[in-house]
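Close look at the chain arrangement
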Amino acid sequence: MTTRVACIGECMMELSERPDGSLLRGYGGDTLNTALYLARLGVAVDYVTALGDDPWSEEMRAAWEAEGIGTDRVRRLPGRMPGLYIIRTDGSGERSFHYWRDSAAARDLFSGPGAAETRAALTGYDLVYASGISLSLYGEDGRAALAETCRAVQAKGGRVAFDTNYRPRGWPDKAKAQEAFRAAMAAADLIFASTEDLEWLYGPEGEAEVLRHRGRCEIVLKGGGSPPAVRVLAGGDDVSVPASPVASVVDTTAAGDSFAAAYMAARLAGRPPAEAARHGHRLAGAVIGHRGAVIPRAAMPALPSHQDDQP
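Residues numbered from 1 in each chain as written. Predicted model: local features only at pLDDT ≥ 70, side-chain atom pairs only at ≥ 80, totals over all residues. Heavy atoms only, no water.

1. Some words on the overall build of the chain
Helix and strand counts for the chain stand at 9 helices and 13 strands. Its C-alpha atoms give the chain principal-axis dimensions of about 50 × 50 × 45 Å. The burial tally for the chain puts 53% of its 311 residues in the buried class. Here the chain displays about 13,600 Å² of accessible surface, and carbon together with sulfur accounts for 51% of that area. In the chain, which carries 34 positive and 40 negative side-chain charges, the distance between the mean positions of the two groups comes to 1 Å. (Helix = DSSP H or I, 4+ residues; strand = E, 2+ residues; numbered from the N terminus. Buried < 20%, exposed > 50% of the residue type's maximum accessible area, 1.4 Å probe, protein only. Areas by Shrake-Rupley, 256 points an atom, 1.4 Å probe, with all protein chains shown as cover. Lys, Arg positive; Asp, Glu negative; His and termini not counted. Charge placed at Lys NZ, Arg CZ, Asp CG, Glu CD.)

2. So, the packing of aromatic side chains
A complete count under the given rule lists 9 aromatic pairs for this structure. On the basis of an interplanar angle of 35° and a centroid distance of 5.9 Å, the ring pair of Y85 and Y99 is categorised as tilted. With a gap of 14 residues between them, Y85 in strand β6 (residues 84-89) and Y99 in strand β7 (residues 95-100) connect regions that are remote in the sequence. You can call Y85 buried: its relative accessible area is 5%. Geometrically, the ring pair formed by Y166 and F181 is edge-to-face, given 5.8 Å between the ring centres and 90° between the ring planes. Of this pair, Y166 sits in the loop between β9 (159-163) and α5 (174-187) while F181 is found in helix α5, placing the two residues 15 residues apart along the sequence. A connected cluster of aromatic rings, assembled from ring pairs, spans Y129, F192, F259 and Y263. Sitting over the face of the ring of Y125, R4 holds its NZ or CZ atom 4.2 Å from the ring centroid. In this structure, R101 packs its charged tip against the face of Y99, placed 4.9 Å from the ring centre. (Phe/Tyr/Trp six-rings, centres within 6.5 Å; stacked < 30°, edge-to-face > 60°. Lys NZ or Arg CZ within 6 Å of the ring centre and 35° of its normal.)

3. Things to note about the sheet that holds β6
Pairing between sheet strands relies on hydrogen bonds along the backbone, with the strands arranged either parallel or antiparallel. As summarised here, the arrangement of the 4 strands in space is β3-β2-β6-β7, forming an open sheet in which the pairing is mixed. With partners counted over all chains shown, the strands left at the sheet margins are β3 (23-28) and β7, one partner each. Averaged over all pairs of adjacent strands, the angle between strand axes in this sheet comes to 25°, irrespective of strand direction. Pairing of strand β2 (residues 12-17) with β3 involves 6 bridges; the strand directions are antiparallel. By the bridge assignment, E14 is partnered in β3 with G26. Where helix α2 (residues 55-66) meets the sheet, its contacts fall on β2 and β3, and the angle it forms with β3 comes to roughly 65°. (Pairing = 2+ DSSP bridges. Axes fitted to C-alpha atoms, helices over the stretch in contact; angles between N-to-C directions. Contact = heavy atoms within 4.5 Å.)

4. Digging into the nonpolar core
Among the nonpolar cores identified, the biggest contains 47 residues, and L38, W64, F192, Y263 and M264 are the most heavily contacted of them. The leading source of residues in this core is helix α8 (residues 255-268), at 8 residues. Apart from the residues lying within four places of it in its own chain, the contact partners of M264 are T34, L38, L127, Y129, A161, L190 and F192. By size, the runner-up hydrophobic cluster in this structure holds 37 residues, among which are Y125, V153, L201 and L221. (Core = buried A, V, L, I, M, F, W, Y, C linked by side-chain atoms within 4.5 Å.)

5. Brief notes about unusual backbone geometry
Note: most residues except glycine have negative phi, and most peptide bonds are trans. Non-glycine residue N165 carries a positive phi angle of around 35°. The residue N165 is located in the loop between β9 and α5 in this model. With a relative accessible area of 11%, N165 lands in the buried category.

6. What about the environment of A302?
Counting through the fold element by element, A302 comes out in the segment after α9 (273-287). When the C-alpha positions of A302 and R282 are compared, they lie 8.7 Å apart, and in sequence the two are 20 residues distant.

7. Structural notes on α2
With 12 residues, α2 extends 17 Å between its outermost C-alpha atoms, agreeing within 8% with the 16 Å of an ideal straight helix rising 1.5 Å per residue. Among the residues of α2, those classed as buried are S57, M60, R61 and W64. Take α2 and look down its axis: the buried residues cluster within an arc of 95°, on one side only. More than 90 degrees from the buried face of α2, the exposed residues found are P55 and A66. Here the buried face of α2 lies against β2, β3, α1 (30-40), β4 (44-51) and β5 (74-76). The backbone nitrogen of W56 has a side-chain oxygen 3.1 Å away, supplied by the residue at the start of α2, namely D54. Phi turns positive, to about 90°, at G68, one or two residues after α2. (Expected span 1.5 Å × (residues − 1). Arc of directions from axis to C-beta. Polar contact = N/O pair within 3.5 Å; in protein donor to acceptor, adjacent residues only side chain to side chain.)

Shown next as structure tokens:
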């Protein structure tokens, strides 16, 4: 039986600023990036979001389908449009984001006509993946609906993965962000977290917030350093898995998103956690050597496909 994954979130129009100040148009979003790399690794993945009825929304959906991402769970909202963001990248490859997204269609995924159908459909997946950015979209009622849906997924034997991915601008009320992240981590079967996200959100006690879930769920904790390493806590093991040095860092966009995709693809294929982390590092290392979130197919590193392990 094919394992089915749902990635929940938002895809926006992306304008990437070049060194000369010109802009390159594309699209992107954290969980969409993860869905794309999962699809490239042979995982059956659907993207779950809402778009408008404008030409750019149609362009996005067609591009996702061309990458092998399922779009049956993409709701189309008449008169609405996707959000927009601009990426600026400094000389060291670090990026900053500037958003126009308050009225984006994706914000109404768990409200209005069609929301009940979306929630019911999600309970049929084997793995549901969301991020801190996903949480920032929906408001308290939407987050409650998502949490209830995830519990229904687990009741049917599915699993829930959560990536912290904290962006302060998406959370005007930091206390609400802290509460929402605590609830999401407490409900997840697999947590991807970064020490940077946790420190921004909780201060010096940030790491303790995720480590309180050790033994209950699988945790992948991404730290700093050069080269960076991840700490993997799963099945009673607690190991550090360093990344290989990357010769040239061009753009760190989607480093964490691609890592999560390769890690989940490996775990779904039955690979042990430490090996999955090495696959995550390898894909992320290739991604940060290129500009933008989505690298050319020819630049994809050799990783085991999820399909390689299917009977």
